[in-house]
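Take a look at the letters that make up each chain.
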Amino acid sequence: MAWDFEARPLLVFWETTRACGLACKHCRASAIAEPLPGELTHEEGLAFIDHLASFGRPSPILILTGGDVLRRGRLWELIDRANERGVPFALSPSVTPLLTEEMMRRFKDVGTHSISLSLDSATAEGHDGLRGVPGTFDRTMELIAYANEIDLKIQINTTVMASNVRELPLIFEQIQRAGADVWEVFFLISEGRGSQMVPASPPDVEAVCEFLVASANYGVTVRTVEAPFFRRVALEQPEEPRGLAADLIADLRARLGPATHRPRNRSANTRDGKGIVFINYKGEVTPSGFLPTVAGNLREQSLRDIYCDSDIFRRLRQADAFQGRCGICPHRDLCGGSRARAYFASGDPLGEDPACVFQPD
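Residue positions are given per chain, counting from 1 as you read along its sequence in written order. Whole-chain, interface and lining totals are the exception, using all residues; otherwise, since this is a predicted model, local features are given only for residues with pLDDT of at least 70 and side-chain atom pairs are given and counted only at 80 or more. The basis for the side-chain values is all heavy atoms of the structure; hydrogens and waters are excluded.

**Student:** Report on helix α6 (residues 168–178), specifying residues and quantitative values.
**Tutor:** Of all the eleven residues making up α6, eight are buried; the element is thus mostly covered by neighbouring parts of the structure. Along α6, the residues classified as buried are Leu168, Pro169, Ile171, Phe172, Glu173, Gln174, Ile175 and Ala178. Each helix is a run of H or I in the DSSP string that is no shorter than four residues. Each strand is a run of E no shorter than two, and both are numbered from the N terminus. Positive backbone phi, at 95°, marks Gly179, one or two positions downstream of α6. Buried means the residue's accessible area, taken with a 1.4 Å probe over protein chains only, is under 20% of the maximum for its type, while exposed means over 50%, and partly exposed covers the values in between.

What follows is the structure, given as structure tokens:
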């Protein structure tokens, strides 16, 4: 059935805790070793899952994230409640000693839709340097292979920064050969500790999107976060890549040969606040994990009321409300730009996305 983004979100991200055993240099949440005061209680978490079920079928997909979701108390009871209420769920654990093969098997056994792990460099030195814990790269590769072995759907998240653009073909080769199902490519937003990192330039972002379109022909579903203009690039299908795009695609084909599959880059036309909603550890509701504009709190209002009726969510779903190039772009509903990047660039979540190079007439 067609999804009515005015009536219900598609993806609901719940930051169950900010506790995490890693110290990632680009962490959106600036996660720390111990839980912060004010986390939603277990009872509030159960009630929230019950509320998600009240949206009816098909239910929004619940993504349990963090920090490290494995640091959330009584996690398995929350998972049981989601199963009881028919709410599909995915998990985003951190690669720490808590994430064992036995834990992965248990995820599989309880019906987890998928899990996501992060890989931000093609080398142990680069990835472990970003994550702050030696051995994280090797362990991540082992867990990707194990997920494939037990047929647990796995998504690999990679954050694109100026420092790792040239590594992307090798990163993709590694996860493609390891059997990953989805490659979700995040484009850095200057929030949390990520504000200290250097994002890729707009021309490089466009080149990366061209490379991602080509990558989607190798049996892995490719999606983006905070780069909805990827859909425009996929629609336009540039015939002759140039510069960095040509280099990345040539590297890709040298590693993996000619395209082997039909493109796997289809995704719903979501963006921050349109089909996507984020609940932080203390119940505040924002349009995404990267756009910190608070529209309400689950302790005071229902998610349905906040998502459907709050002013910020309603405006973010109206592409005609956007400013600058995004407001006059013919792709404004297909894309709409990153509302989070617009916010951090101008203070206005309805502003134009400075990372997009497209110039509308």
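**Student:** Account for the environment of Arg231, naming residues and giving values.
**Tutor:** With respect to the helices, strands and loops of the structure, Arg231 is situated in helix α8 (residues 230–236). Look at Arg231 and you get buried, because its relative accessible area is 15%. Along the primary structure Arg231 and Arg106 are separated by 125 residues, whereas in three dimensions their C-alpha atoms are 35 Å apart. The residues contacting Arg231, other than those within four sequence positions of it, are Ser267, Ala268, Asn269, Thr270, Leu334 and Cys335. Residue contacts are defined here by distance: any two heavy atoms, one from each residue, within 4.5 Å place the two residues in contact.

**Student:** For the pairing of strand β5 (residues 154–160), give the residues involved together with the corresponding values.
**Tutor:** The two faces of the sheet receive side chains in turn, since in a regular strand these alternate between them. The buried fraction of β5 amounts to seven of the seven residues, a majority that puts the element mostly inside the structure. Burial along β5 is two-sided: the residues Ile154, Ile156, Thr158 and Val160 and Gln155, Asn157 and Thr159 are all buried. Two strands are counted as paired when DSSP detects at least two bridges linking them. Bridging between strand β4 (residues 115–118) and β5 involves four bridges; their strand directions are parallel. Of the residues in β5, the one forming a bridge with Ser118 is Asn157. Read from β5 through α6 to strand β6 (residues 182–187), the crossover connection turns out right-handed. Orient the strands so they point away from the viewer; a crossover is then right-handed if the path from the first strand over the helix to the second runs clockwise.

These figures capture arrangement, not role.
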